[in-house]
Amino acid sequence: AQSVSQHNHHVILSEAASLELGCNYSYGGTVNLFWYVQYPGQHLQLLLKYFSGDPLVKGIKGFEAEFIKSKFSFNLRKPSVQWSDTAEYFCAVSTSGGYQKVTFGTGTKLQVIP
Amino acid sequence: DVKVTQSSRYLVKRTGEKVFLECVQDMDHENMFWYRQDPGLGLRLIYFSYDVKMKEKGDIPEGYSVSREKKERFSLILESASTNQTSMYLCASNLSGVRNQPQHFGDGTRLSIL
């Protein structure tokens, strides 16, 4: 069974600071990787996804993530955060085949200080 | 745009009551999911369904059951509510048979069991 680890539970940054949120997964086979975001009071929504091709994936709102297969990692980055990026971020992994069971990480709360 | 609608944003029930949480999606998705979201634990899968009248247990099915009588509707049932079922419940849906399909989430139901 797959598992997902998010190392940072709570991150506080000032506006314009750079962001990197760690995500590691454990699964020996082919995976699909996702980052979701949950803004305060809103539903989870997809930031970006990866399943093949260029390991550097660009998503909405200036976010990007890099898949490093040898490290089983899919870290989320943004060069310069804004106050509006304050949210909880979830990394998720699904396996190919079947109904593609999705496993979520425990989430990282990001607080951006103006 | 995909719309996943959960019947209640907030719900308060008493211990021992039978509780129904309803979810409807409007995109003809085959797969539907119920998660609970707890601080520090991320999202944990309770049950999922890949077709009408089909259901599969997720990671934490104990104390819950589900019903899928129509493709667009997926109900979560707490047979006899207990205080440890106080949580945020999230419904999601996605397409089947296509790799890397993200899940689309509802706004969540915050359930309190007194």
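A short tour of the structure in this document, coming up. Note that the structure is predicted; figures quoted are calculated from it, not measured.

Points about the overall build of chain A
Here's step 1: Secondary structure summary: chain A contains zero helices and 12 strands in total.
Here's step 2: In chain A, the succession of helices and strands from N to C terminus is β-β-β-β-β-β-β-β-β-β-β-β.
Here's step 3: What you see for chain A is a C-alpha radius of gyration of 14 Å, in line with the 13 Å of a compact globule of 114 residues.
Here's step 4: For chain A, with 114 residues in total, the buried portion stands at 47%.

Points about the interface of chain A and chain B
Here's step 1: Tallying the contact residues gives 23 residues for chain A and 22 residues for chain B.
Here's step 2: Summed over both partners, the interface of chain A with chain B buries about 2000 Å², with 50% contributed by carbon and sulfur atoms.
Here's step 3: In this structure, the connection of chain A to chain B is made through zero salt bridges.
Here's step 4: Listed by contribution, the elements that provide at least two residues to the side of chain A that touches chain B are β5 (31-38), β6 (45-50), β10 (87-95) and β11 (102-104) of chain A.
Here's step 5: Considering each element in turn, the side of chain A that touches chain B owes the most residues, five residues, to β5 of chain A.
Here's step 6: Its residues placed into classes, the side of chain A that touches chain B shows 11 nonpolar, nine polar and three charged.

Describing the state of the cysteines
Here's step 1: For the structure shown, the criterion picks out two disulfides over all chains.
Here's step 2: Residue C23 of chain A pairs covalently with C91 of chain A via a disulfide, S to S 1.9 Å. Across the disulfide from C23 of chain A to C91 of chain A, rotation about the S-S bond amounts to roughly -65°, and the bridge is consequently left-handed. Separated by 68 residues along the polypeptide, C23 of chain A in the loop between β3 (19-21) and β4 (24-26) and C91 of chain A in strand β10 bring together distant segments of the chain.
Here's step 3: The class of C91 of chain A is buried, set by a relative accessible area of 0%.
Here's step 4: Disulfide pairing is shown between C23 of chain B and C91 of chain B; the S-S distance is 1.9 Å. An S-S torsion of about -80° defines the bridge between C23 of chain B and C91 of chain B as left-handed. Residue C23 of chain B is found in strand β3 (residues 19-25), and its partner C91 of chain B is found in strand β9 (residues 87-94); the two are separated by 68 residues along the sequence. The burial state of C23 of chain B is the same as that of C91 of chain B; both residues are buried.

A few points about the environment of L110 of chain A
Residue and element names in this part refer to chain A.
Here's step 1: In this structure, L110 sits in strand β12 (residues 108-113).
Here's step 2: Between the C-alpha atoms of L110 and S84, which are 26 residues apart in sequence, the distance is 10 Å.
Here's step 3: When sequence neighbours within four positions are dropped, the list of residues in contact with L110 reads V11, L13, L19, D85, T86, A87 and Y89.

What about the nonpolar core?
Here's step 1: Counting residues in each nonpolar core, the largest one holds 28 residues, and the members touching the most others are L33, W35, L47, L48, F74, L76 and Y89 of chain A.
Here's step 2: Those elements that place two or more of their residues in this core are β2 (10-14), β3, β5, β6, β8 (64-68), β9 (73-78), β10 and β12 of chain A.
Here's step 3: Excluding residues within four positions of it along the chain, L47 of chain A makes contact with W35, Y36, V37, G59, I60, F63, L76 and Y89 of chain A.
Here's step 4: Within the second largest apolar cluster, 20 residues are counted, among which are L11, W34, I46 and Y47 of chain B.

Brief notes about the environment of G59 of chain A
All names here are of chain A.
Here's step 1: Of note, G59 is situated in the loop between β7 (56-58) and β8.
Here's step 2: With a relative accessible area of 27%, G59 lands in the partly exposed category.
Here's step 3: Residue contacts for G59: discarding those within four places in its chain leaves L47, L48 and E64.

Reading the values: rules and limits
Numbering of residues starts from 1 in each chain and follows the order in which that chain's sequence is written. Chains and ligands are labelled by the order in which they are written, letters from A for the one and numbers from 1 for the other. With the structure being a predicted model, the display of local features is reserved for residues of pLDDT at least 70 and the display and counting of side-chain atom pairs for 80 or more, all residues being used for whole-chain, interface and lining totals. The side-chain values count all of the structure's non-hydrogen atoms but skip hydrogen atoms and water molecules. Under the DSSP-based scheme used, a helix requires at least four consecutive residues in state H or I and a strand at least two consecutive residues in state E, with every element numbered from the N terminus. Based on C-alpha atoms, the radius of gyration is set beside the globule rule, defined as 2.2 Å times the residue count to the power 0.38. Residue burial is assigned from relative accessible area. The probe radius is 1.4 Å, only protein chains are included, and a residue is buried under 20% of its type maximum, exposed over 50%, and partly exposed in between. Contacts were defined at the residue level, with two residues in contact if any of their heavy atoms lie within 4.5 Å. Once two parts are joined, some of their accessible surface, as seen by a 1.4 Å probe, is lost; buried area is that loss totalled over both. Here, a salt bridge means any Lys or Arg side-chain nitrogen found within 4 Å of an Asp or Glu carboxyl oxygen. Three categories are distinguished: nonpolar for Ala, Val, Leu, Ile, Met, Phe, Trp, Tyr, Cys and Pro, charged for Asp, Glu, Lys and Arg, and polar for the others, with Gly belonging to the last. The disulfide definition used here is simple: a pair of cysteine sulfur atoms within 2.5 Å. Nonpolar core, defined: a set of buried Ala, Val, Leu, Ile, Met, Phe, Trp, Tyr and Cys residues in which side-chain atoms within 4.5 Å join the residues together.

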